[in-house]
Amino acid sequence: MMIMLIKRVKMGEIFIAFQSAKLSLIMVALLLLLPNIYFQFYKWRYLVRLVKFDASNREVLQSLFAGFTFGFITPGRLGEFGRAFFIKNCPWVKVLGIAALDKLFSVAVVFLFGSVGLLYLIGKQLFIYTMIPLVTFTAITLFVFYYILFHPEIIKSFLYSLNIILPFREKIKLLISSMDQFTRERAIMLLLFNLGFSIIFLAQFYILVIAFQPSAVVPTMLALASTMLVKTMLPISIGDLGIRESAAIYFLGKIAILESAAFNASILLFLINLLIPSLVGLVLILKHRLFIPNNRK
């Protein structure tokens, strides 16, 4: 897919766009990696300490970066769940449970922003009598989704009911027990963490876009939110390469952003937010022998 995209955009246009790019803005996007990582660290530490109260900052950070590395080499970044194996003296199944919660709330924020973005972009092409039921359906779906998220007991009851017909019941019960300390207040806190992270992420993406071509904030951010929604719904490539770039070209094209600018911004976002943390995680794995799981209870 990446080869087809490069052929479509053309290497010459890509290089010309890079030559005229504003390096100062690219540096700003790179520096935003620091608060990006901090938000993810703080959020992961908050969750880990629900199942292991004395988890150290070092242990949490190593687990986080190990997850970056494993996520980098798996479609949809599913390998990030591997961070569960690098929390010592705590059953990995329980840590896997809170990692799943983290992923669920992250997807919830992407769906929220992405739905608004899609409705904005699609709404221009639809008649009002088509748009009204579409907006209504989206609003009801989001309301139900968020209602369930803010009532963890509903999720627990559903999982316990499902557990009756599934194998490995004891493991699944242990996984569900990771939610014992997850109250409505903590659900709201986790959502706020993910909102903060998503805002920084979208800000990085926007800054990278305007490094190649000036564009208004609101329509660009909505197009980028739509891009991230499509990328999340299609976890079929390593590092999401090709999917993110194709979606960016399509949605940013709706607001007159050149294909080369959309492609370059998306690739730089990949290098900054995925490749760099993954390389750091690889160094930590090799240096501290993190590839040997500390706990497999």
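Owing to the predicted nature of the structure, the values given are computational and were not obtained by experimental measurement.

(A) Seen up close, the nonpolar core. One finds Trp-44, Phe-182, Phe-212 and Leu-252 to be the most contacted residues of the largest nonpolar core, which totals 68 residues. Ranked by residue count, the leading element in this core is helix H10 (residues 184–212), at 14 residues. The contact partners of Trp-44, leaving out residues within four places of it in the chain, are Val-60, Ser-63, Leu-64, Arg-83, Val-95, Ile-98, Ala-99 and Asp-102.

(B) Expanded view of the packing of H10 against helix H11 (residues 217–233). The N-to-C vectors of H10 and H11 enclose an angle of 115 degrees; their axes lie 10 Å apart at closest approach. For the element pair H10 and H11, the recorded crossing hand is right-handed. From H10, Phe-201, Leu-202, Ala-203, Phe-205, Tyr-206 and Val-209 reach across to H11, where they touch Val-217, Thr-220, Met-221, Leu-224, Ala-225, Thr-227 and Met-228. Split into classes, the residues belonging to the contact of H10 with H11 amount to 11 nonpolar, two polar and no charged.

(C) Quick peek at the side chain of Asn-36. Along the chain, Asn-36 turns up in helix H4 (residues 33–51). A distance of 2.6 Å separates a polar atom in the side chain of Asn-36 from a polar atom in the side chain of Gln-40. Apart from residues lying up to four places away in sequence, Asn-36 is in contact with Phe-197, Ile-200, Phe-201, Gln-204 and Asn-273.

(D) Up close: a nonpolar patch on the surface. On the surface, Ile-140, Phe-143, Val-144, Tyr-147, Ile-148 and Ile-154 cluster together into a nonpolar patch covering about 550 Å² of accessible area. In terms of residues, the nonpolar patch owes the most to one element, helix H7 (residues 128–149), which gives five residues. Looking at the element boundaries, Phe-143 is found in helix H7. The exposure class of Phe-143 is exposed, given its relative accessible area of 59%.

(E) Looking closely at the packing of aromatic side chains. All told, the structure shown has 15 aromatic pairs when counted by the stated rule. Judged by centre distance (6.5 Å) and plane angle (50 degrees), the ring pair of Tyr-38 and Phe-41 falls under tilted. Placement of both Tyr-38 and Phe-41 in helix H4 is noted, with a separation of three residues, approximately one turn of the helix. Take Tyr-38: its relative accessible area is 49%, and that puts it in the partly exposed class. Given the relative accessible area of 11%, Phe-41 is considered buried. Put simply, the rings of Tyr-38, Phe-41, Tyr-42, Tyr-46 and Phe-193 pair up and form one aromatic cluster. Taking the ring centre of Phe-197 as reference, the NZ or CZ of Lys-43 above it sits at 5.5 Å. A cation over a ring is seen here: Arg-83 above Trp-44, with NZ or CZ 4.6 Å from the ring centre.

(F) The arrangement of the confidence of the model for the protein in detail. Chain-level pLDDT for the protein is 86 on average; 88% of the residues reach the 70-or-more range. The least confident element of the protein, judged by mean pLDDT, is helix H1 (residues 2–9) at 59; the most confident is helix H3 (residues 23–31) at 95.

(G) Molecular detail of the packing of H10 against helix H13 (residues 259–287). Axis separation between H10 and H13 bottoms out at 8 Å; the angle between their running directions is 135 degrees. Taken together, the axis directions place H10 and H13 in an arrangement best described as oblique. Once H10 is placed against H13, the crossing between them reads as right-handed. Seen from H10, the contacting residues are Phe-201, Gln-204, Phe-205, Leu-208, Val-209 and Phe-212; seen from H13, they are Ala-261, Asn-264, Ala-265, Ser-266, Leu-268, Leu-269, Ile-272 and Asn-273.

(H) Molecular detail of unusual backbone geometry. The phi torsion at Asn-89 lies on the positive side, around 55 degrees, for a residue other than glycine. Within the secondary structure, Asn-89 is located in the loop between helix H5 (57–72) and helix H6 (92–123). Look at Asn-89 and you get exposed, because its relative accessible area is 64%. For Ala-256, which is not glycine, the phi torsion reads 70 degrees and is therefore positive. Locating Ala-256 in the fold gives a position in the loop between helix H12 (243–253) and H13.

Calculation rules
- Residues numbered from 1 in each chain as written.
- Predicted model: local features only at pLDDT ≥ 70, side-chain atom pairs only at ≥ 80, totals over all residues.
- Heavy atoms only, no water.
- Core = buried A, V, L, I, M, F, W, Y, C linked by side-chain atoms within 4.5 Å.
- Buried < 20%, exposed > 50% of the residue type's maximum accessible area, 1.4 Å probe, protein only.
- Helix = DSSP H or I, 4+ residues; strand = E, 2+ residues; numbered from the N terminus.
- Contact = heavy atoms within 4.5 Å.
- Axes fitted to C-alpha atoms, helices over the stretch in contact; angles between N-to-C directions.
- Left-handed = near helix turned anticlockwise from the far one by under 90°.
- Nonpolar A, V, L, I, M, F, W, Y, C, P; charged D, E, K, R; others polar.
- Polar contact = N/O pair within 3.5 Å; in protein donor to acceptor, adjacent residues only side chain to side chain.
- Patch = residues over 30% accessible without salt bridge, like charges linked within 9 Å, V, L, I, M, F, W, Y side chains within 5 Å.
- Areas by Shrake-Rupley, 256 points an atom, 1.4 Å probe, with all protein chains shown as cover.
- Salt bridge = Lys/Arg side-chain N within 4 Å of Asp/Glu carboxyl O.
- Phe/Tyr/Trp six-rings, centres within 6.5 Å; stacked < 30°, edge-to-face > 60°.
- Lys NZ or Arg CZ within 6 Å of the ring centre and 35° of its normal.
- pLDDT = per-residue confidence, 0-100.
- Parallel < 35°, antiparallel > 145°, perpendicular 65-115°, else oblique.

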